[in-house]
Amino acid sequence: MPHKIGFVVVSSSGHEDGFSARELMIHAPTVSGWRSPRFCQFPQEIVLQMVERCRIRKLQLLAHQFMISSKIEFYISESLPEYFVPYQAERFRRLGYVSLCDNAKTGCKARELKSVYVDAVGQFLKLIFHQNHVNKYNIYNQVALVAINIIGDPADFNDESNVTPREKLIDHYLGHNAEDPALDGTYTGKPDYISPLDDLAFDMYQDPEVAQIIRKLDERKRDAVQKERYDYAKKLKQAIADLQKVGERLGRYEVEKRCAVEKEDYDLAKEKKQQMEQYRAKVYQQLELHNLMDTELMRRPFDFPLQPLVHPGSPRRQNPEPSLPQQEERLTEKQASEPLLQEQPSSQSLSVPPQHTTVGQGLSAPDRHPNINVAGAYSKTWSYREDALLALHKKLMEMPVGTPKEDLKNMLRASVFLIRRAMKDIVTSVFQASLKLLKMVITQYIPKHKLSKLETSHCVERIVPPLLARTGDSSTRLRIIASNFIQEMALFKEVKSLQIIPTYLVQPLKANSSTHLAMSQMDLLARLLKDLGTEGSGFTTDNVMRFSVSALEHRVYEVRETAVRIILDMYKQHRAFILEYLPPDDNNTRKNILYKTIFEGFAKIDGKPTEAEIRAQKKAATEEAERQKKEEIKVLQGQLAALKEIQAEAQVGEEKESDTVKPKNQDTQGRKAVPPNAPKIPDNYCLDHLCIFCGERNESFTEEGLDLHYWKHCLMLTRCDYCKQVVEIASLTEHLLTECDRKDGFGKCYRCSEAVLKEELPRHIKTKDCNPAKSEKLANRCPLCHENFSPGEEAWKAHLMGPAGCTMNLRKTHVLHKVQALPPGKGSTMTRAGISGLKAGSKIPTPKGGLSKSSSRTYTKR
């Protein structure tokens with residue numbers, strides 16, 4: 001008849017930490033099932049391999065309450081190729097699909113149990129999960145499956161292709177019919193009957209231990225029916241019904257206890273545990289009173305493995321388990337392959353099995369030292385495994401000081417063996433108990449009994465590999481716990497001197513190692529380097545740099561990023577010595593973004609600007625120059641407008657003066673009489689085409705032309721190198737001391753009376769190399785050539801504009817070339833009338849409202 005078909009998970013497209021697809025292999029009230037990664041791509045898939053080739057009759061799916069796939073497709077195959085990724089689609093045959101409810105009616109608080117009846121033969125089943133239903137709880141758009149149940153029977157049982165023609169002929173003459181209910185071994189007489197004990201709901205709501213007892217009693221009931229012991233069968237039937245209620249109640253207690261543990265409410269968890277034990281003991285006692293509970297059924301839970309996926313009548317109980325593909329590195333699979341410790345009914349205190357005596361030498365001899373209670377360490381119930389480790393912790397703490405050394409060593413090595421096994425446990429509390437025991441052994445047990453460093457070394461050497469393996473666990477919490485403990489253990493004074501852990505961390509990363517394992521190893525290396533350094537710690541510059549440079553080629557970005565960080569930290573300590581392990585710093589090397597980051601990091605450590613910073617500085621300087629130029633032009637245009645206003649006011653004053661005294665050569669209208677042959681001169685020529693600083697007239701001196709002349713060509717003007725304002729050369733020193741944006745940075749030399757930068761002023765005064773200045777009444781002082789010359793305004797023009805004057809006026813060279821290039825009488829540069837237009841002692845007109853002398857000499861272009 002159809003029954004549960006056991007299976008293993010061959011592969012899955014991905015999972016969230018702590019919710020691997022392998023969780024589907026266990027049916028119990030506390031299982032969490034499989035969840036897809038957050039924000040995954042669809043479709044997602046899971047491939048299952050059944051323990052035997054079978055004919056599937058029924059599939060049951062228990063969906064999550066809010067991580068619900070909109071559709072699930074089913075595919076079946078007889079076999080897989082030798083390589084499993086990617087799977088060949090043509091090997092799978094599509095069976096169909098089921099649609100799941102969005103669960104909106106229940107408010108996403110109930111889980112849907114979906115049953116699908118099929119008739120297909122194969123050994124591999126593939127499930128395809130499509131896009132999730134959207135709801136407010138499923139914020140990461142995940143899909144999940146809490147449990148899956150496969151019900152069927154061996155394919156060979158009903159497969160007529162395996163029956164020989166001779167057998168068919170004999171059956172024909174004997175009148176045998178394969179569909180005859182009388183030939184079926186079940187008491188129901190129905191070949192398609194499915195026991196309720198094989199239903200998914202039975203295991204998902206029953207305590208695993210009670211569920212196994214119910215199955216045992218059900219076997220006895222069927223045996224009693226076949227032997228026509230109906231009273232006994234009736235008694236067993238009633239016991240099964242009562243036990244089902246007991247199992248459901250214990251299942252609820254287990255769920256409540258698990259919730260309390262997750263919330264770290266350990267008082268409540270302990271209360272629930274005691275409540276379960278008392279209730280279980282009471283029920284078992286009642287079964288014994290009715291002679292329904294014998295020695296076989298009274299075995300402790302570790303003799304009832306959580307494997308409800310295999311039917312008692314399945315050939316798997318007689319045949320060895322078929323070899324399955326090793327697709328995922330999971331500790332649970334390794335644990336399942338280890339032999340279970342069978343407990344003797346007469347005692348709970350056992351020694352290590354014979355196959356492990358090489359690890360705990362002499363442990364099986366009770367006359368030499370007390371036996372260790374290791375039975376609980378092999379239990380299928382996690383709480384018993386945890387209790388066993390805590391009991392061992394207590395026993396080792398109580399070991400007297402005078403115990404023989406050989407017994408102490410044997411106890412130590414046996415403890416290490418149990419710690420190694422517990423480190424593979426998927427339950428966090430058991431794993432933490434193993435770490436607690438290990439810490440006590442290293443920091444208290446060995447020092448207390450004065451065991452040699454050889455024993456500590458043996459302990460660490462045996463423990464570090466499996467502990468490092470846990471840093472690659474799929475559970476984030478377990479990874480963090482394992483990594484933190486390795487860092488803590490490496491700093492134990494008993495372990496630090498051995499220098500063992502650093503040598504493990506600088507081992508090259510394997511190409512096929514998991515992403516989590518590689519990342520954890522890199523992170524541990526970076527953390528311990530800061531704690532231990534490279535002097536006498538097991539870390540050396542050579543082994544760290546070789547490991548880090550090789551890690552730059554790893555496929556995982558986080559690993560490469562951590563390697564860069566380690567190299568930069570090493571450079572801070574060892575500088576140039578690190579460069580020996582890296583390629584030369586050139587353009588070809590910098591094409592690799594990692595090496596570019598490394599070399600720019602080196603420059604930053606050395607206090608040099610990086611290429612990016614240099615580019616940014618150049619860009620900022622260019623933008624600042626453009627901004628200043630625009631501002632200078634704007635200010636220049638404003639000052640030019642002020643000069644025009646001054647000229648207009650001067651013209652109005654002259655007109656008023658001419659109206660007061662009318663010369664004889666004016667007509668009756670007041671206009672000056674002009675000879676008939678005199679050329680006409682525009683009225684505004686002198687005003688709009690005259691430079692009031694150098695006296696030059698030129699037709700090109702329009703508004704824009706004067707702007708350009710002041711900015712570049714006027715010999716009496718110059719640009720301040722510090723604020724970029726255009727000022728008169730005669731007032732440059734005063735500008736630097738009182739008006740310039742950098743005026744606070746200048747001081748006045750008492751010898752030469754010139755402006756000197758304050759940071760250079762002490763040296764300037766000390767050397768006494770400057771030419772002493774004379775008083776203003778006796779001489780003018782040129783700030784360009786630093787020479788003294790005769791006083792007066794005209795002297796400034798002669799000095800700055802004359803060929804024998806200032807040799808440092810760079811604008812004068814340009815003007816002299818311009819004068820030499822024009823033929824006599826052509827064009828207009830600086831005429832005598834132009835020069836004499838500003839007589840000696842005359843001042844530049846000042847805007848109405850008053851500008852200071854120095855301000856009137858300043859002309860700014862932004």
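Note that the coordinates shown come from a computational prediction; the quantities given were computed from them, not determined experimentally.

J.: Just to check I follow, could you spell out the overall build of the chain for this structure?
T.: Within the chain one finds 28 helices and 15 strands. Here the chain, with 862 residues, has 45% of them falling under the buried criterion. The long-range fraction of contacts in the chain, counting pairs at least 24 apart against all pairs at least 6 apart in sequence, stands at 68%. Accessible surface, the chain: about 47100 Å² in total, of which carbon and sulfur atoms supply 52%.

J.: Could you clarify how one ought to interpret the packing of helix 16 (residues 541–551) against helix 17 (residues 557–574) in this entry?
T.: Packed helix pairs are specified by the crossing angle of their axes together with the interaxial distance, meaning the distance between the axes. Helix 17 packs onto helix 16 with a crossing angle of 150 degrees between their chain directions and a minimal axis gap of 8 Å. With respect to their mutual orientation, helix 16 and helix 17 come out roughly antiparallel. As for the relative orientation of helix 16 and helix 17, their crossing is left-handed in sense. In contact with Thr 541, Val 544, Met 545, Ser 548, Val 549 and Ala 551 of helix 16, helix 17 contributes Val 559, Arg 560, Ala 563, Ile 566, Ile 567, Met 570 and His 574. Split by residue class, the contact of helix 16 with helix 17 holds 9 nonpolar, 3 polar and 1 charged.

J.: How do you make sense of the pairing of strand 7 (residues 113–129) when you look at a structure like this?
T.: Within a regular beta strand, the side chains point alternately toward one face of the sheet and then the other, so they alternate between its two faces. Looking at chain direction, strand 4 (residues 44–63) and strand 7 are connected through 14 bridges and run antiparallel. If you follow Val 47 over to strand 7, its bridge partner there is Lys 126. Pairing of strand 5 (residues 71–77) with strand 7 involves 6 bridges; the strand directions are antiparallel. Its bridge partner lying in strand 7, Ser 77 is registered against Phe 124.

J.: Please clarify how the pattern of salt bridges should be interpreted in this entry.
T.: Pairing between side chains of opposite charge can happen when their charged atoms approach one another. Counting across every chain of the model gives 30 salt bridges. Of the charged contacts, one joins Glu 16 and Arg 38 as a salt bridge, the two residues approaching to 3.3 Å between their closest N and O atoms. Of this pair, Glu 16 sits in the loop between strand 2 (7–12) and strand 3 (34–35) while Arg 38 is found in the loop between strand 3 and strand 4, placing the two residues 22 residues apart along the sequence. Take Arg 38: its relative accessible area is 44%, and that puts it in the partly exposed class. Here Arg 479 ties to Asp 17 by a salt bridge, and the two come within 3.5 Å at their closest N and O atoms.

J.: Is there a simple way to explain a positive patch on the surface in this structure?
T.: Together, Lys 629, Lys 712, Arg 719 and Lys 724 make up a region of like positive charge exposed at the surface. With respect to the helices and strands, the residue Lys 724 is situated in the loop between strand 9 (717–719) and strand 10 (725–728).

J.: What exactly am I supposed to notice about the packing of aromatic side chains here?
T.: The geometry of an aromatic ring pair is captured by the separation of the ring centres together with the interplanar angle, meaning the angle of the planes. Scanning the model with the defined rule gives 10 aromatic pairs in all. Considering the side-chain rings of Trp 34 and Phe 129, the 4.9 Å spacing of their centres and the 40 degrees angle between planes classify their relative orientation as tilted. Of this pair, Trp 34 sits in strand 3 while Phe 129 sits in strand 7; the two residues are 95 residues apart in sequence, bridging distant segments of the chain. Of the two residues examined, Trp 34 and Phe 129, each falls in the buried class. Here the aromatic rings of Tyr 253 and Tyr 279 are separated by 6.5 Å at their centres, their planes lie at 80 degrees, and the arrangement is edge-to-face. Of this pair, Tyr 253 sits in helix 5 (residues 230–262) while Tyr 279 sits in helix 6 (residues 266–289), placing them 26 residues apart in sequence. The burial state of Tyr 253 is the same as that of Tyr 279; both residues are buried.

J.: Help me understand helix 9 (residues 405–422), please; the structure alone is not making it clear to me.
T.: An α-helical segment advances 3.6 residues per turn. Residues three or four places apart therefore align on the same side. Given a rise of 1.5 Å per residue, 18 residues ought to cover 26 Å, and the 26 Å separating the end C-alpha atoms of helix 9 matches this to within 8%. For helix 9, a buried count of 13 out of 18 residues is recorded, marking the element as mostly surrounded by other parts of the structure.

J.: Whenever I open this one, the side chain of His 133 confuses me. Can you help?
T.: With respect to the secondary-structure elements, His 133 resides in the loop between strand 7 and strand 8 (144–154). A distance of 2.9 Å separates the side chain of His 133 from the backbone oxygen of Leu 100, its partner in a polar contact. Excluding its chain neighbours within four sequence positions, the residues that come into contact with His 133 are Ile 68, Ser 69, Ser 70, Leu 100, Cys 101, Asp 102 and Asn 138.

J.: Got a minute to help me understand the nonpolar core in this structure?
T.: Across soluble globular proteins, nonpolar side chains have a tendency to be buried as a group. Tyr 445, Leu 467 and Met 489 are the most contacted members of the largest nonpolar core, which has 81 residues in total. Ranked by residue count, the leading element in this core is helix 10 (residues 428–448), at 11 residues. If you look at the next biggest cluster of nonpolar residues, it comprises 29 residues, including Met 50, Cys 54, Ile 72 and Val 116.

J.: It is not clear to me how the packing of helix 10 against helix 12 (residues 476–490) should be interpreted in this structure. Could you clarify?
T.: Remark: helix 10 packs on helix 12, axes separated minimally by 11 Å, with the N-to-C direction vectors making an angle of 5 degrees. With respect to helix 12, the element helix 10 is oriented roughly parallel. Contact residues: Thr 428, Phe 431, Gln 432, Leu 435, Leu 438, Lys 439 and Ile 442 in helix 10; Arg 477, Leu 478, Ile 481, Ala 482, Phe 485, Glu 488 and Met 489 in helix 12. Classifying every residue of the contact of helix 10 with helix 12 by side-chain character gives 9 nonpolar, 2 polar and 3 charged.

J.: How should I be thinking about the confidence of the model for the chain in this particular structure?
T.: Do not read the predicted coordinates in detail wherever pLDDT is low. Mean pLDDT for the chain: 77, with 75% of residues reaching 70 or above. Ignoring residues within four places in sequence, the model shows residues 172–188, a span with pLDDT below 50, making 12 contacts including any to other chains. Here residues 298–369 scores under 50 on pLDDT; set against residues more than four positions off or in separate chains, the count is 139 contacts.

J.: Sorry if this is basic, but what is going on with empty space enclosed by the protein here?
T.: Empty pockets left among the atoms are what a rolling probe the size of a water molecule brings to light. If you walk through the whole model with that rule in mind, you get 4 cavities of 30 Å³ or more. Estimated volume of the second largest cavity: approximately 60 Å³. Residue assignment for the lining of the second largest cavity shows that the elements contributing at least two residues are helix 8 (382–397) and helix 9. Here the lining of the second largest cavity takes 3 residues from helix 9, the largest share from any one element. Taken together, the residues of the lining of the second largest cavity sort by class into 5 nonpolar, no polar and 3 charged.

J.: In this structure, what is going on with helix 12? I would like to understand it.
T.: In a regular helix each residue adds 1.5 Å, so 15 residues correspond to 21 Å; helix 12 covers 21 Å between its end C-alpha atoms and thus fits that length. Of all the residues in helix 12, the buried ones are Leu 478, Arg 479, Ile 481, Ala 482, Ser 483, Phe 485, Ile 486, Gln 487, Met 489 and Ala 490. Contact partners of the buried residues in helix 12: helix 10, helix 11 (453–470), helix 13 (493–496), helix 14 (501–505) and helix 15 (515–532).

J.: Can you help me understand unusual backbone geometry in this one?
T.: Trans is the common state for peptide bonds, and a negative phi is the common state for residues other than glycine. The omega torsion of the bond from Phe 42 to Pro 43 falls at 5 degrees, within 30 degrees of zero and hence cis. With respect to the element layout, Pro 43 can be found in the loop between strand 3 and strand 4. Positive phi is not limited to glycine here, since Lys 768 has a value of about 55 degrees. Accessibility expressed as a relative area gives 52% for Lys 768, which makes it exposed. Located in the positive-phi region is His 786, a residue other than glycine, with phi close to 60 degrees. Relative to the helices and strands, His 786 is located in the loop between strand 13 (780–781) and strand 14 (788–789). A relative accessible area of 36% means that His 786 is categorised as partly exposed.

J.: Just checking my understanding: could you explain the environment of Ser 36 for this structure?
T.: Relative to the elements of secondary structure, Ser 36 occurs in the loop between strand 3 and strand 4. Of the residues examined, Ser 36 reaches a relative accessible area of 0% and is grouped as buried. The spatial distance from the C-alpha of Ser 36 to the C-alpha of Ala 144 is 6.2 Å, given a sequence separation of 108 residues. If near-sequence neighbours (up to four positions away) are discounted, Ser 36 is found in contact with Gly 14, His 15, Glu 16, Gln 44, Gln 142 and Val 143.

The rules behind the values
- Each residue is numbered by its place in its chain's sequence as written, counting from 1.
- Side-chain atom pairs in this predicted model are given and counted only at pLDDT of 80 or more, local residue features only at pLDDT of at least 70, and totals for whole chains, interfaces and linings cover all residues.
- Hydrogen atoms and water are omitted, and side-chain values are computed over all heavy atoms in the structure.
- Runs of E in the DSSP output that reach at least two residues are strands. Runs of H or I that reach at least four are helices, and both are numbered from the N terminus.
- Only protein chains enter the accessibility calculation, which uses a 1.4 Å probe. A residue is then buried if its area is under 20% of the maximum for its type, exposed if over 50%, and partly exposed in between.
- Contacts were defined at the residue level, with two residues in contact if any of their heavy atoms lie within 4.5 Å.
- Using a 1.4 Å probe, the Shrake-Rupley method yields the accessible areas, and only the shown protein chains count as cover for residues.
- Note on definitions: angles span 0 to 180 degrees between N-to-C directions of axes, and those axes are lines fitted to C-alpha atoms, for helices only across the stretch in contact.
- Angles below 35 degrees are treated as roughly parallel, those above 145 as roughly antiparallel, those between 65 and 115 as roughly perpendicular, and all remaining angles as oblique.
- Left-handed describes a crossing whose near helix is turned anticlockwise from the far helix through less than a right angle; right-handed describes the clockwise counterpart.
- Classes in brief: Ala, Val, Leu, Ile, Met, Phe, Trp, Tyr, Cys and Pro nonpolar; Asp, Glu, Lys and Arg charged; the others, Gly included, polar.
- At least two bridges found by DSSP between two strands are what make those strands a pair.
- For this document, the term salt bridge refers to a Lys or Arg side-chain nitrogen within 4 Å of an Asp or Glu carboxyl oxygen.
- Each patch is assembled from residues with relative accessible area greater than 30% and no salt bridge, linking like charges that lie within 9 Å and nonpolar side chains (Val, Leu, Ile, Met, Phe, Trp, Tyr) that lie within 5 Å.
- All tallies of charge rest on Lys and Arg as positive and Asp and Glu as negative; His and the ends of each chain are not included.
- The atoms used to mark charge sites are NZ of Lys, CZ of Arg, CG of Asp and CD of Glu.
- Between the rings of Phe, Tyr and Trp (Trp by its six-membered ring), a pair exists once the centres lie within 6.5 Å; its type follows the angle of the planes, with under 30 degrees stacked, over 60 edge-to-face, and the other angles tilted.
- Working rule for helices: expected span equals 1.5 Å times residues minus one.
- Pairing of N or O atoms within 3.5 Å defines a polar contact, subject to two protein rules: one partner must be a possible hydrogen donor and the other a possible acceptor, and residues neighboring in sequence count only if both atoms are side-chain atoms.
- Buried Ala, Val, Leu, Ile, Met, Phe, Trp, Tyr and Cys residues form a nonpolar core when they are joined through side-chain atoms within 4.5 Å.
- Confidence per residue, as judged by the predictor, is encoded in pLDDT with a range of 0 to 100.
- Two kinds of site are reported from a 1 Å grid over the protein atoms alone, namely cavities, where a 1.4 Å probe fits but cannot get out, and pockets, open sets with protein on both sides within 12 Å along at least five of seven lines, and residues are called lining when an atom falls within 4 Å of a point.
- Grid points are joined across faces, edges and corners, and a volume is the space filled by probe spheres set on the points.

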